[in-house]
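Fold and contact review
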Amino acid sequence: MSSRLGTMAKLLNGVWFLCILFSFIDLSIGKSIQKKNVLVIVGDDAGFETQVYNNTVCQTPHINNFAKRSLLFKHAYTAVSSCSPSRSAILSGLPQHQNGMYGLHQGYHHFMSFDEVQSLPLLLKKAGVRTGIIGKKHVGPESVYPFDFAETEENNSILQVGRNITKIKELVQQFLGSSDTRPFFLYIGFHDPHRCGHTHPEYGNFCEKFGNGEKGMGIIPDWKPVLYKPDEVELPYFVQDTPAARADLAAQYTTISRLDQGIGLVLKELQSAGHENDTLIIYTSDNGIPFPNGRTNLYEPGMAEPMLVSSPDVTKRWGDESNAMVSTLDIVPTVLDWFNVSYPKYKLLKKDVKLTGKSLLPVLAEEPNINWDTVFASHNLHEITMYYPMRVIRHKNYRLIENLNYKMPFPIDQDFYISPTFQDLLNRTRDHQPLHWFKTLKQYYYRPKWELFDLNKDPLEASNVANDDSYAPILKDLRTRLLAWQQETEDPWVCSPDGVLEDSGAYKEHPQCMALDNNL
């Protein structure tokens, strides 16, 4: 009898132990699922026309509120100044020259990432994370960038899923209202404040009239349009001070305020769904604003981006600013770190792939002292006709730009060409009128192979010191660093324009640049 009781006691103890064990496991799993959500919000050609970046005119109250729960990065940069290539870098963690998205994805441009690229949505999908995208996608192929939930320009009007903030709100409700209990990754690509004079001129140069309730414009129920006067805008140094350019900026401000209201709606839906305190949130943009020296350029206005990151786990730096230099290439490592997902070992075009970006999560806890003072960028094309490859390093207070196709004029995209700002510059140049700008069009078109700027002394990047002997050691150091990054990221342009890269056959193990003797 005592033996049977002893056996039963052991069984009961075992059951009790298993119950306790499984309760801890359930709590652990529940905590993991509760915590592991990510929301990435990307503005389209969005810049620093927000109050958190010291613009006192453009009203952005929702971004202001978000900044109170975020760390604001003062030195964030895109990896490429073009829409599709930048989004491919954001979603793959690889620069455009490595992932294959050399230019725009849509229409006859038709650029694609390589089939073997292991993108963020692909990796998260494999890891059991539910993925969703709303708004502008602008990358392909689908097999490389798959999402479980997708409402984009591929199956909707981009105006509706990218600018209609009520529609965007409803799609966010739909995604967050799912009964699927897996952790989620939601990517929202707003189309504001991108220009639309090229595609939808009836709505204004920035689609600032779309949905404003006027006759023929439709109505966006949740949008309260904010209008601005040309004479009150804060003129960036890289835009000419003329009535046409000021009116252009005023229209842009209106769509930035719409973007801000859209972000407010999205964050409210996140809160209503109970995920405000369990979701990592990142806000940034794809490239610079669509003005001279901005988008498609890799000067400061084309490369610098807004970036705010909010973690519910680390709150001590909420409302603070960071001086760390960060890149859109850091988004993939950050999200993978948050989900505790390892980046896989694989080959791309028979070459090993590794991420060069870093997780931002440690910076949310403590300002770094070292190793956050350098970022890189590469650009090949925007539109298919706009071949102007550039390679860039921003290191501490210096920017070095290599213009590979410097014998040709810098190209102008369709959107920007018909804009009031560019037409104003063009017509004033033709009529020999004052430009009220810090450059001439000839200087803008024709650039030397190397441009080196000392940003401490020359924040406007108006004085190229690449040929100044006193900067020779700095130029040499930056060129060495840039070349090392190109080699690390398997840049096919590494020998251009004065050499040919031989990296197969007899040169497979030791690739070499073979001189062309073309006097470049």
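Here the structure is a predicted model, which is why all the values come from computation and not from measurement.

**Considering the state of the cysteines**
Inspection of the entire model under this criterion finds two disulfides. For C196, the disulfide goes to C207, at an S-S distance of 2.2 Å. As the torsion about the S-S bond is roughly 115°, the C196-C207 disulfide counts as right-handed. Pair noted here: C196 is in the loop between strand 5 (184–189) and helix 8 (243–272) and C207 is in the loop between strand 5 and helix 8, with a separation of eleven residues, a long-range link. For C207, a relative accessible area of 0% gives the class buried. Cysteine pairing for the chain (bonded cysteines numbered in sequence order): 1-2, 3-4.

**A short note on unusual backbone geometry**
Of note, the bond from D192 into P193 is cis; its omega dihedral lies within 30 degrees of zero at 0°. When you line up the elements, P193 lands in the loop between strand 5 and helix 8. Cis geometry is found at the peptide bond from S496 to P497, where omega equals 5°. Note that P497 resides in the loop between helix 15 (472–488) and strand 16 (499–502).

**A word on the confidence of the model for the chain**
Residue-level pLDDT values for the chain average 93, and 93% of them are 70 or greater. Throughout residues 7–12 the model reports pLDDT below 50, and contacts reaching past four residues in sequence, or to other chains, amount to zero contacts. A low-confidence stretch, residues 14–34 (pLDDT under 50), is modelled with three contacts involving residues beyond four sequence positions or located in other chains.

**Considerations on the side chain of K439**
Along the polypeptide, K439 turns up in the loop between helix 13 (420–430) and helix 14 (441–445). E451 provides the closest opposite charge to the buried, unpaired K439, separated from it by 5.8 Å. Excluding residues that lie within four positions of it along the chain, K439 makes contacts with N293, Y299 and Y444.

What counts, and at which threshold
- Residues numbered from 1 in each chain as written.
- Predicted model: local features only at pLDDT ≥ 70, side-chain atom pairs only at ≥ 80, totals over all residues.
- Heavy atoms only, no water.
- Disulfide = S-S within 2.5 Å.
- Helix = DSSP H or I, 4+ residues; strand = E, 2+ residues; numbered from the N terminus.
- Buried < 20%, exposed > 50% of the residue type's maximum accessible area, 1.4 Å probe, protein only.
- pLDDT = per-residue confidence, 0-100.
- Contact = heavy atoms within 4.5 Å.
- Lys, Arg positive; Asp, Glu negative; His and termini not counted.
- Salt bridge = Lys/Arg side-chain N within 4 Å of Asp/Glu carboxyl O.

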